[in-house]
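Tertiary structure, described
One letter stands for each residue in the lines below.
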Amino acid sequence: PMPKLTLALKRTSKPEAEPVRVLFLSGYVDASTYGGFEKALGVLHANRVLRLVLDFSGVEYINSTGIATIIRYAQEFREAGGELLLAGVSREIGVTLHLLGLTQIVPIVRDVRAGVRYFVKAGREGKSGGFFAEETEGFCRLASLALRSGVPAQPVITQLKGIRGPMPSFGKNG
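Residues numbered from 1 in each chain as written. Predicted model: local features only at pLDDT ≥ 70, side-chain atom pairs only at ≥ 80, totals over all residues. Heavy atoms only, no water.

Averaged over all residues, the pLDDT of the protein chain equals 81, while 78% of them reach at least 70. No element of the protein chain has a lower mean pLDDT than helix 5 (residues 130-148), at 67, and none a higher one than strand 3 (residues 51-62), at 95. Across residues 122-129, confidence stays below pLDDT 50; counting only partners more than four residues off in sequence or on other chains, it has 13 contacts. (pLDDT = per-residue confidence, 0-100. Helix = DSSP H or I, 4+ residues; strand = E, 2+ residues; numbered from the N terminus. Contact = heavy atoms within 4.5 Å.)

Set out below in structure tokens:
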């Protein structure tokens, strides 16, 4: 069967704030489905949505076309005075997005609730990029320090194996 993508939109609102829209995605974002994804983002942007959470908890796969679409609309939302972010990204997709540098452009948060809080919380501090960028940077700094201090690589890898969240995946041989 052909991969498919399902989209659903929800509005969350706080009376004192600009509403946050959540676009739920499920399935594959690839060459055969990105048209619907791009159209949905275009409609939201044209309707002056300023705060958009893309719920990726149901996304099984995204290719470079989908990633390029996210980058393009992240820039367009920012130019309009808004922002979009990703929520609920799987570990596999999150690591790929981080390695490609997307976490420096688009914040990624744990889930939709965190995404709504991200927009509602006044005076956000810290780096853009959300928890994938921050935790991955922390892992990398500690691993680098250990290796530069003479700790063999295998114990470092053993300690990192099994940690849930954004981290390098190690195979059977390290």
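Soluble globular proteins tend to bury their nonpolar side chains together. Core analysis: the biggest nonpolar cluster contains 27 residues, and Leu 25, Leu 52, Leu 54, Phe 56, Ile 70, Leu 84 and Leu 86 have the highest contact counts within it. Among the elements of the structure, strand 2 (20-29), helix 1 (34-46), strand 3, helix 2 (64-79), strand 4 (83-87) and helix 3 (91-99) are those that each provide at least two residues to this core. When residues no more than four places from it in sequence are discounted, the contact partners of Leu 25 are Leu 5, Thr 6, Leu 7, Phe 37, Leu 54, Asp 55, Phe 56, Gly 58 and Val 59. Within the second largest apolar cluster, 11 residues are counted, among which are Leu 85, Ala 87, Tyr 118 and Phe 119. (Core = buried A, V, L, I, M, F, W, Y, C linked by side-chain atoms within 4.5 Å. Buried < 20%, exposed > 50% of the residue type's maximum accessible area, 1.4 Å probe, protein only.)

A few words now on the pattern of salt bridges. Inspection of the entire model under this criterion finds two salt bridges. Close ionic contact of Arg 72 with Glu 38 constitutes a salt bridge, the shortest N to O distance being 2.5 Å. Residue Arg 72 is located in helix 2, and its partner Glu 38 is located in helix 1; the two are separated by 34 residues in the primary sequence. Look at Glu 38 and you get partly exposed, because its relative accessible area is 23%. As a salt-bridge pair, Glu 76 and Arg 72 come within 3.3 Å of each other at their nearest N and O atoms. With a gap of four residues between them, Glu 76 and Arg 72 both fall in helix 2, about one helical turn apart. Here Glu 76 falls in the partly exposed class, since its relative accessible area comes to 24%. Salt bridges sharing partners connect three or more residues here, namely Glu 38, Arg 72 and Glu 76. (Salt bridge = Lys/Arg side-chain N within 4 Å of Asp/Glu carboxyl O.)

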